[in-house]
Every structure is written in structure tokens, then in C-alpha cells.
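Structural description and commentary
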Amino acid sequence: MDLLISFVNQTFTPGLTLGILRKTGEFAWIQNEVINNSSGITGLATKNGLIYVAFQNNGIGVLNNNLDIIQHFSSNAIKDPHSICIDNDNLFVISTGKNSVYKLEIKKGGLLANEELVWTHPDVDTDYDYVHLNSIVASGKNTFVSLFGVREKGQNWSAVSNGKVININTNEIVLENINHPHSLTKQSESGFIVCESKTGSILDQNGKPLIKLPGYVRGICKRDKMYIVATSARRKLSKTILKNYSGRIREYENNKNTRSKLYFLSNKKFKNFTFEF
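Residues numbered from 1 in each chain as written. Predicted model: local features only at pLDDT ≥ 70, side-chain atom pairs only at ≥ 80, totals over all residues. Heavy atoms only, no water.

Quick word on the pattern of salt bridges
All told, the structure shown has five salt bridges when counted by the stated rule. In this structure, the salt-bridge partner of R22 is D2, at a minimum N-O distance of 3.0 Å. Here R22, found in the loop between β2 (18-21) and β3 (27-29), pairs with D2, found in the segment before β1 (3-6); they are 20 residues apart in sequence, far enough to count as distant. A relative accessible area of 39% means that R22 is categorised as partly exposed. Using a relative accessible area of 39% as the deciding quantity, one classes D2 as partly exposed. Taking the shortest distance from any N to any O, the salt bridge between E105 and K107 comes out at 3.7 Å. By relative accessible area, which is 39% here, K107 ends up partly exposed. (Salt bridge = Lys/Arg side-chain N within 4 Å of Asp/Glu carboxyl O. Helix = DSSP H or I, 4+ residues; strand = E, 2+ residues; numbered from the N terminus. Buried < 20%, exposed > 50% of the residue type's maximum accessible area, 1.4 Å probe, protein only.)

Right, here's the structure in full:
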């Protein structure tokens, strides 16, 4: 199994934003003109053999199986895209800078068109990142988003801990008092799990901690009979470490500008928690 990994906030290392971890343990950066001009990639999704990526500074890219860019959808409306998800023939995009969610139509051939605003946080304006809307998942008839909570202009996010998960179809708050939520991930036909990044925990849809990991937990990939969970060292610059759930540790240094861990977790690690694969 090869694993595609996105990297955010690469201000000092633009272009080092998308990499592939081969099943052999080798890691390589994916680079082309569009990716090299990106300061980060904040979301990944796939459909019919194509890969959709959210560029932190601007727009959505569509990649083919060879990881070549076949479309760069630039948007004047979507500001600071964080997280994307696919539901039927629509790509939903988090616009963190405008506290909003947009929908793009996936046309025949997989290209994107017809941008449409579908939801905006009801309590704030759209001129500033007031709530740090950052992940989205479609689960059954519901679409959920996660956010940090409301802050004042200029206030540091470290002072905000009342994170929420909201069903944007009903505006219902389904989970709150989360300390920096990220990476909503579908767990069942109508359920989800979510990272509580600042505590290193993964929570179920009722807020129950399933596991706690060291570091700032952000990024979940569901694959076969495991969940692959990423942690970062709070944006410090160093080496990359790969660690799997069985306790065997393989370390590889691919670039001293990044530092992260990947945990491969079987369902046995989560007590009283049912996975559907």
C-alpha cells in the first residue's frame, strides 16, 4: 500500500507539500509547477481514479494516477481552503478564511465547475478566520464540519478551546468543548470520529476518547482493517519518523524541514469501539 501525504504551513519550504510513502518505506516528494508554488496542501479526496487536492494558498487541483495536474481550479470566492470531501458528484470545500463551505460540481471526466456557497457560520462575518473551520465529512444524509470556536480578531488560537462539530444540514451542534478539533472521518453510515489535536486524542461522535497519542494529532486515513493517524510536533522543523502500531519502529530521514509520525492502528486498540470496514 502506497500512502499519499499532504503537508501544511510550509512557509519556509514551499513546494514540499505533497509526498508519497511507498510500501517499501521509501518516501518521495511530488513536485510540479503548481505544487511548487503552494505553501501547503490541506485536503485530499479521490473519485474514479482522480485525486483532488486543496492548496492552502489558492484553489483546488485535480491529479491523475500519475500525479500530474490536469486541472487547477482557481477561485476568487474560496479563501484559505481547508479540507475537502466528495459526496456523489459534488466536491465540498472548507473556506477557512470566510468561515464557509462551498460546493463544486464534478463534471464528466472528473473536472470541476460551478462553484456554489452552501453554508456560512451563522454567528460571524466572512472577512476573517473567526472560527477556524477546518474539516468536513459527508456521512449518510448529514454533512459535518469541525471548528475551533469563535475568537476575536487578532486573538491567538491557543486561547480558544471550545471547538465544535456542527451538522451544516440542520445547524445542530452535535459535539462541543473540543480542544482544537481536526480531521473528521466517517466511521459508519451516519457516524464519525474526530481528532482533538491539542490533547492528542481521537474522539467518537459522543466525545468519548478512543486513544491518546503523543503530539498534535491531525490527519486520519481509513484503509482496510486499520486507521492511519498522523501527528505533528507543533510545526517545529526536524526529521520525519514512521511508527506503526505493532511497536516496530522504522525511522527514515527524508527532509529535515518536516517532523511527523504516522500510527497504524488496528481496531483492537480501540476498546468498546466498533469499526466498519
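Remarks on the sheet that holds strand β16 (residues 181-186)
Spatially, four strands are ordered β16-β17-β18-β19 in an open sheet, and the strand pairing comes out antiparallel. Edge strands, defined here as strands with exactly one partner in the open sheet, are β16 and β19 (209-212). The average angle at which neighbouring strand axes cross in this sheet is 20 degrees, direction not considered. Pairing geometry for strand β18 (residues 201-204) and β19, over three bridges, is antiparallel. In the strand pairing of β19, S201 is matched with K212. (Pairing = 2+ DSSP bridges. Axes fitted to C-alpha atoms, helices over the stretch in contact; angles between N-to-C directions.)

Quick word on the nonpolar core
By size, the foremost hydrophobic cluster in this structure holds 16 residues, and its most contacted members are Y52, I60, I84, L91, V93, L104 and L112. Counting only elements with at least two residues in this core, the list comes to β5 (50-55), β6 (60-63), β9 (90-95) and β10 (100-106). Contact partners of L104, with chain neighbours within four places excluded, come to I60, F73, D89, N90, L91, V93, L112, A113, N114 and E115. Grouped together as the second largest cluster of nonpolar side chains are 15 residues, V124, Y130, L133 and I166 included. (Core = buried A, V, L, I, M, F, W, Y, C linked by side-chain atoms within 4.5 Å. Contact = heavy atoms within 4.5 Å.)

Examining the pairing of strand β20 (residues 216-223)
In terms of strand pairing, β20 meets strand β21 (residues 226-232) through six bridges, oriented antiparallel. Residue V217 lies in a different strand from β21, and its bridge partner there is T231. Where β20 folds back on β21, the antiparallel hairpin that results is connected by two residues, among which D224 adopts a positive phi of roughly 50 degrees.

Any link to function would need more than the numbers given here.
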